[in-house]
Amino acid sequence: MTCPACRTGKLFPNQNMFDYSFKMNSSCSHCNEDFEREPGFYYGAMFLSYVMFGILSLIVVGTLILLFKIEWRLALVCLAFLLALTFVLQFRLARSVWIHLMVDFNPKKK
Ligand SMILES: [Zn+2]
C-alpha cells in the first residue's frame, strides 16, 4: 500500500486498517505522484475487489467445508463475519493493486 511510482510514500494516511477510514492521500508525499488520476479511476478497483474476494471466499468456504467438515451454513456465516471484519482492508488492497497495475515503477522519480 505504497506509492506505485516510488514505493516509498503511503497511499493511505492511516495505516491501521481497523480505524474504518476510507480516506486516501491525494498525492505521494515523497515523489508527488497523483493518486487521484481522473474521475472514476478507482471503478476498476471495485471489479478487481469483486474478483479477488470472490476467489478468496470460495477458498475460505471450501476449506471450512472440506477440511474442517463444517456445515455449509456455518461456513457462510464465518465467511460473512470475516468479510465484514476486513472490508477496509479489502477496499485498500483493491485500490492499491489497481493503481499498481496502472502506474509504472520509476525509482528515479523524486
Ligand atoms: Zn511516490
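We now turn to the structure provided with this report. (Residues numbered from 1 in each chain as written. Predicted model: local features only at pLDDT ≥ 70, side-chain atom pairs only at ≥ 80, totals over all residues.)

**Quick look at the environment of D104**
Phase 1 of the analysis: Within the fold, D104 resides in the segment after α3 (87-102).
Phase 2 of the analysis: Separated by 20 residues in the primary sequence, D104 and A84 have C-alpha atoms spaced 32 Å apart. (Helix = DSSP H or I, 4+ residues; strand = E, 2+ residues; numbered from the N terminus.)

**As for helix α1 (residues 43-66)**
Phase 1 of the analysis: Taking 1.5 Å per residue, 24 residues should reach 34 Å; α1 reaches 35 Å between its end C-alpha atoms and fits that length.
Phase 2 of the analysis: Within the span of α1, buried status applies to A45, S49 and F53.
Phase 3 of the analysis: In this structure, the buried residues of α1 make contact with α2 (72-85) and α3. (Expected span 1.5 Å × (residues − 1). Buried ≥ 20, exposed ≤ 12 C-beta atoms within 10 Å, placed from the backbone. Contact = placed C-beta atoms within 7 Å.)

**Some words on α3**
Phase 1 of the analysis: Between its terminal C-alpha atoms α3 stretches 23 Å, which fits the 22 Å expected from 16 residues at 1.5 Å a residue.
Phase 2 of the analysis: All of the buried residues along α3 are F91, R92, A94, R95, W98 and I99. Axial view of α3: buried residues confined to an arc of 160°, hence all on one face.
Phase 3 of the analysis: Looking at the buried residues of α3, the elements they touch are α1. (Arc of directions from axis to C-beta.)

**A short note on the packing of α1 against α2**
Phase 1 of the analysis: Two numbers describe how α1 lies on α2: the axes approach to 9 Å, and their chain directions differ by 140°. If you check the angle between α1 and α2, you find them oblique. Viewed along their axes, α1 and α2 form a crossing whose handedness is right-handed. Packed against α1, whose contacting residues are F53, S57, V60, V61, L64 and I65, the element α2 presents W72, A75, L76, C78, L79, L82 and L83 at the interface.
Phase 2 of the analysis: Residue classes in the contact of α1 with α2 are distributed as 12 nonpolar, one polar and no charged. (Axes fitted to C-alpha atoms, helices over the stretch in contact; angles between N-to-C directions. Parallel < 35°, antiparallel > 145°, perpendicular 65-115°, else oblique. Left-handed = near helix turned anticlockwise from the far one by under 90°. Nonpolar A, V, L, I, M, F, W, Y, C, P; charged D, E, K, R; others polar.)

Note that every value here comes from positions in space, so none of it alone points to a role or purpose.
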